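# Architecture and fold: a report
Chain by chain, the residues:
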Amino acid sequence: MRKPSMVQAVSVQETTLGKNADFQDQKMSAQIISGKAVSAQVRERLKKDVEQMKLQDPNFRPGLVVLQVGDRDDSNLYISMKLKAAAEIGINATHMRLPKTATEEEILHSITEVNENSSVHGLIVQLPLDSIHKIDTEKVTNAVAPEKDVDGLTSINAGKLARGDLGDCFLPCTPNGCMELIRQTGVSVAGKRAVVIGRSKIVGAPMHDLLLWSHATVTTCHSKTTDLPGEVGKADILVVGIGKAEMVKGEWIKKGAVVIDCGINHVPDETKPSGKRVVGDVHYASAKEQAGFITPVPGGVGPMTVAMLMANTVLGAKRFLESHQPGKWNISYTKLNLQKPVPSDIVISRSCVPKPIDRLAREVGLLSDEVELYGKTKAKVQLNIIKRLQAQPDGKYVVVTGITPTPLGEGKSTTTIGLVQALGAHMKLNVFACVRQPSQGPTFGIKGGAAGGGYSQVIPMEEFNLHLTGDIHAITAANNLVAAAIDARMFHESTQSDKALYNRLVPLSGGQRKFSPIQINRLKKLGIEKTDASTLTEDEITRFARLDIDPSSVTWQRVLDTNDRFLRKITIGQSPTEKGYTREAQFDITVASEIMAVLALTSSMEDMRQRLAKMVVATSRSGQPITTEDLGVSGALTVLMKDAIKPNLMQTLEGNPVFVHAGPFANIAHGNSSILADKIALKLVGPEGFVVTEAGFGADIGMEKFFNIKCRYSGLRPHVVVLVATVRALKMHGGGPIVTAGMPLPKEYIEENLELLENGCSNMKKQIENAQHFGVPVVVAVNAFKTDTEAELDLICSIAKAAGAFDAVRCSHWAEGGAGAVALGQAVQRASEAPSNFKFLYDLELPITDKIRIIAQKIYGADDIELLPEAQHKVELYTKQGFNNLPICMAKTHLSLSHEADKKGVPTGYVLPIRDIRASVGSGFLFPLVGTMPTIPGLPTRPCFYDIDLDPETEQVNGLF
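Cut-off values and rules
Residues numbered from 1 in each chain as written. Predicted model: local features only at pLDDT ≥ 70, side-chain atom pairs only at ≥ 80, totals over all residues. Heavy atoms only, no water. Salt bridge = Lys/Arg side-chain N within 4 Å of Asp/Glu carboxyl O. Helix = DSSP H or I, 4+ residues; strand = E, 2+ residues; numbered from the N terminus. Buried < 20%, exposed > 50% of the residue type's maximum accessible area, 1.4 Å probe, protein only. Pairing = 2+ DSSP bridges. UniProt positions renumbered as here; feature names shortened; annotations may be inferred. pLDDT = per-residue confidence, 0-100. Contact = heavy atoms within 4.5 Å. Core = buried A, V, L, I, M, F, W, Y, C linked by side-chain atoms within 4.5 Å. Phe/Tyr/Trp six-rings, centres within 6.5 Å; stacked < 30°, edge-to-face > 60°. Lys NZ or Arg CZ within 6 Å of the ring centre and 35° of its normal. Expected span 1.5 Å × (residues − 1). Polar contact = N/O pair within 3.5 Å; in protein donor to acceptor, adjacent residues only side chain to side chain. Axes fitted to C-alpha atoms, helices over the stretch in contact; angles between N-to-C directions.

## Re the pattern of salt bridges
Under the counting rule described, the total for this entry stands at 55 salt bridges. Among the salt bridges present, the one from Arg362 reaches Asp358, with a minimum N-O distance of 3.8 Å. Here Arg362 and its partner Asp358 are both found in helix 12 (residues 357-363), four residues apart, which amounts to about one turn of the helix. By relative accessible area, which is 32% here, Asp358 ends up partly exposed. A salt bridge links Glu769 to Lys766; the shortest N-O distance between them is 3.0 Å. Residue Glu769 and its partner Lys766 are located together in helix 28 (residues 754-772), separated by three residues, close to a single helical turn. Among the residues examined, Glu769 registers a relative accessible area of 35% and is labelled partly exposed. Members of the salt-bridge network, linked through shared partners, are Arg43, Glu44, Lys47 and Glu88.

## Focus: the pairing of strand 33 (residues 911-914)
Here strand 33 shows a buried face lined by Leu912 and Ile914 and an unburied face lined by Val911 and Pro913. With four bridges joining them, strand 32 (residues 864-867) and strand 33 adopt parallel strand pairing. Residue pairing for strand 33: Leu867 is matched across the bridge by Ile914.

## Side note on the UniProt feature "domain: Tetrahydrofolate dehydrogenase/cyclohydrolase NAD(P)-binding" (unreviewed entry) in the protein
Within the UniProt annotation, "domain: Tetrahydrofolate dehydrogenase/cyclohydrolase NAD(P)-binding" (unreviewed entry) is assigned to residues 172-319. A helix fraction of 37% and a strand fraction of 19% characterise residues 172-319, whose end C-alpha atoms lie 17 Å from each other.

## Focus: the confidence of the model for the protein
A residue-level look at the protein finds 96% of positions with pLDDT of 70 or above and a mean pLDDT of 93. Of the regions scoring below 50 in pLDDT, residues 1-27 engages in 70 contacts with residues more than four places distant in sequence or in other chains.

## Focus on the UniProt feature "domain: Tetrahydrofolate dehydrogenase/cyclohydrolase catalytic" (unreviewed entry) in the protein
Those places that UniProt annotates as "domain: Tetrahydrofolate dehydrogenase/cyclohydrolase catalytic" (unreviewed entry) correspond, in this numbering, to residues 33-151. The span residues 33-151 is 49% helical and 15% strand by assignment, and the distance between its end C-alpha atoms comes to 23 Å.

## Some points on the nonpolar core
One recurring pattern in soluble globular proteins is that nonpolar side chains are buried together. Of all hydrophobic cores here, the largest spans 133 residues; its most connected members are Phe432, Phe659, Phe707, Met764, Val780, Leu912 and Ile914. A total of ten residues in this core trace back to one element, the largest contributor, which is helix 17 (residues 471-495). When neighbours within four sequence positions are excluded, Val780 is seen to be in contact with Leu723, Met764, Ile768, Ala800, Ala805, Asp807, Ala808 and Val809. Membership of the second largest hydrophobic core comes to 57 residues, among which are Met207, Trp213, Ala307 and Leu367.

## Things to note about unusual backbone geometry
With an omega of 0°, the peptide bond between Val297 and Pro298 qualifies as cis. Mapped onto the fold, Pro298 is located in the loop between strand 11 (293-294) and helix 10 (301-323). A cis amide bond links Lys340 to the next residue, Pro341, at an omega of -5°. Along the chain, Pro341 falls in the loop between helix 10 and helix 11 (345-351). Its identity is not glycine, yet Lys428 carries a phi of approximately 60°, on the positive side. With respect to the element layout, Lys428 can be found in the loop between helix 14 (412-426) and strand 15 (431-435). We classify Lys428 as exposed; its relative accessible area is 57%. The phi dihedral of Lys579 is positive, around 55°, even though this residue is not glycine. Assignment of secondary structure puts Lys579 in the loop between strand 21 (570-572) and strand 22 (583-585).

## What about the packing of aromatic side chains?
Under the counting rule described, the total for this entry stands at 14 aromatic pairs. Considering the side-chain rings of Phe706 and Phe707, the 5.4 Å spacing of their centres and the 70° angle between planes classify their relative orientation as edge-to-face. For the pair shown, Phe706 and Phe707 are each scored as buried. Ring centres of Phe945 and Tyr946 lie 5.4 Å apart, and the angle between their planes is 15°; this geometry places the pair in the stacked category. Under the relative-accessibility criterion, Tyr946 is labelled exposed at 53%. The lysine or arginine in question, Arg319, covers the ring of Phe170, its NZ or CZ lying 4.9 Å from the ring centre. Over the face of the ring belonging to Tyr860 we find Lys892, whose NZ or CZ atom lies 4.7 Å from the ring centre.

## Describing the environment of Ala245
Here Ala245 shows up in the loop between strand 7 (237-240) and strand 8 (258-261). By relative accessible area, Ala245 is classed as partly exposed at 37%. With 38 residues separating them in the primary sequence, Ala245 and His283 have C-alpha atoms 7.9 Å apart. Sequence-distant contacts of Ala245, defined by excluding residues within four places in its chain, comprise Asn265, Val267, Val279, Gly280 and Asp281.

## A closer look at helix 33 (residues 869-881)
When the terminal C-alpha atoms of helix 33 are compared, their 18 Å separation across 13 residues agrees well with the 18 Å that a helix rising 1.5 Å per residue should span. Buried within helix 33 we find Ala871, Lys874, Val875, Leu877, Tyr878 and Gln881.

## Some words on the side chain of Asp471
Position of Asp471 relative to the elements: it lies in helix 17. Side-chain polar atoms of Asp471 contact the side chain of Thr469, separated by 3.3 Å. Residues in contact with Asp471, not counting those within four places in the same chain, are Lys380, Gln437, Asp643, Ala644, Lys646, Asn648 and His661.

## A few points about helix 6 (residues 173-185)
Relative to the 18 Å expected for 13 residues at 1.5 Å per residue, helix 6 spans 19 Å between its end C-alpha atoms, a close match to the ideal helical length. Of the surrounding elements, those touching the buried residues of helix 6 are helix 1 (35-56), helix 7 (204-213), strand 7, strand 8, strand 11 and helix 10. Just downstream of helix 6, Gly186 is the residue with a positive phi angle, here 85°.

## Topic: the sheet that holds strand 3 (residues 92-98)
To summarise the sheet geometry, strands pair through backbone hydrogen bonds and adopt either a parallel or an antiparallel arrangement. Here three strands make up an open sheet; going across it, the order is 3-2-4 and the pairing parallel. Since the sheet does not close on itself, it has two edges, and those belong to strand 3 and strand 4 (122-125), each with one partner. Pairwise comparison of adjacent strand axes, ignoring direction, gives a mean angle of 15° for this sheet. The pairing of strand 2 (residues 63-69) with strand 4 spans four bridges and is classified as parallel. Looking at the pairing, Leu67 lines up with Val125 of strand 4.

Next up, the structure:
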């Protein structure tokens, strides 16, 4: 028989009561073992334990739920005792009542809800279940999660106790209390002869096991025992729980024995007001003359049962804290089976079986009630995790950016995933990737998938690239609801009188007109402090009912997540039912919607509600900004976005966690994934872990906006910039020939050409300089291709270091996965420990024009800026409207540092023209338009959709790349 673990729910120091007593030769009456006194000691110790937990985490409290079915008086009494004890100790206890009509299914549903509630560490099902329906008590009891079964009654906990795994289960409260009382006597259990009378699952059977694993020789007696007095007479330790009043007589008991009486019985007693008194299973008067130690009834075992129940709850909370320490991951990684030549992305993606997403969630410290599963490979994460982890320190924050993009590609997404796989699977650090969700437009257009590539991908790639969890569809619905509201409001205002309009906006209901809450907000904005709809004056009715939108000022467009060039300019309102009300309009692609930018920059559900309400969609004829709140639609927008705000959890090929959340365009919007995903990930990885996020396009576009916009709103400070470059892309910046899609690469890109490469490194040096403006160390990642030579790779690294990069390393993660980016991971880890002096590029209080000029001169290298008339008008308008203190989000071509896409390298000697300026007030930025650019892409002659199909038998998606 193996030696069991004897870790107990609580350890009370031994008192001097009977310590070292020779209990075989007692001459006097037994010493009374007071359960009240011992339970008081236990409660004091538990109070200190709870206070210690609060020091660890000020927001944490042990949680207990008592589930009661029916309304029995005795159950109510027991429950009130438990709730009182919990409150005294500092346990957050809840009494969950179900009516007598509750069915077994309803009871099980309630238990499941509590099982999945991470704030509850103990669940008691109060027995008996007082229902009018037939209930399987065993089934109900076993439905309690073993880690919350503080009664210790589930088969799993009972089985662990029977096997001797005392440190990995909950001990039933009454037997555990009995053991505590025996310990108080000072009598050693080991080697003693113990007798337990009764074999119930609640007392007798577990009592036998506890004594056995404390090394006593144990006999269990029951109704079929032939010589009960004889067996009792052999006991050094006697525990009785048979439920028969005063059945065990004093003369049966061995002189000096320890007697623990678990019985509670009522016998007639005319001297008592109630006509009865409480007695145990042992005849107390005679037994105390024989025993060395004895528990009274009442006041013996009873108080200990409640105390040990509290002890188990505190133990459950301790175990929870221990197993859910932030940054303490127990993660397994997936080993890659590398093939040469490297297969297509979709073949690689399918060759790797992803971990079940609920398992990955547990591995990185997410609780079951914080995760919403969307199938087996993706899930959403609830925002309440932020509150749970708010006291925890953040990890290291890394942003991946690149040189100015070329058609040859730099591999930022691939490098982001490769770096994460290196830091996690190979360097054994906690690490999260945070990336944008791709638009379906380019997926079916010319670009294809955006999940990384080669052996550095997010999987499953078809889930990643298509609908994911529907966030982009939610944005499409919300955006187009606003567009419909704008045109409908203009139409109705143009066809109705003030009074008719008001009566329809505030209709009669039950003979009264009542404002909705959102209409009350509009009244307050107008300075009308009234809530009675019948008291508004004619002037107030007109001001309230008429937005008086100037149709030429409408900036809000409809959106679609499809590349469709024929929607770039349209005419709406051509149906006869619109009574001749037509206007020119356009569609944008969904990821260009301001709602997408709001999603990416929001910090909470309440913050998102406020941002959605502040979105300016047009201007009134009097020059006042018109918002979605004025339209009355902002609450509905929040409802449509309530699920989209939750980050999506996926994984890399090697099993690292990835948050995929939000996908704003980088040339029109700010081009970064969500603040919420970054914040949650930084808490989960712990102070020694890393969060790697990617900024869209080159450092002059995505990185600049990451720092000046995203970091302003998040309050986060990055530790390292990773700048991705390739030999072939730098050669193009050095003057290499134009690349034509579908044609072989010119020899300049596949043969060594150091002169061309060195010329092109000017772009890399400028982007290093751009990162240094913000005071953050830069590590250059040279994404190597098989045609690159050693001399070319060495040249890039040496030029990068000379330009001020902290380090520059070559990477082969596309072909080798995380193993090919270990050197990059090590460089990033060293850089994260280097001193940094993060700062923004400009102060928000500067005039709009000055902020634009600083970006143009310091980041793009322009000599100056030129505001065209429309842009100058907008500067004046937005300053008047109070939007001048917002950060700047430049809308410019990503293909050049200048405004001319064909100018590669580092253009100089130019003035940057600002054609127009628009306001994304909800997102929180102004975006100057530099030149013209489509806000919805078109399809090429041969789109990607030619290759995409579904196998009807396997339902496998084919053709994505």
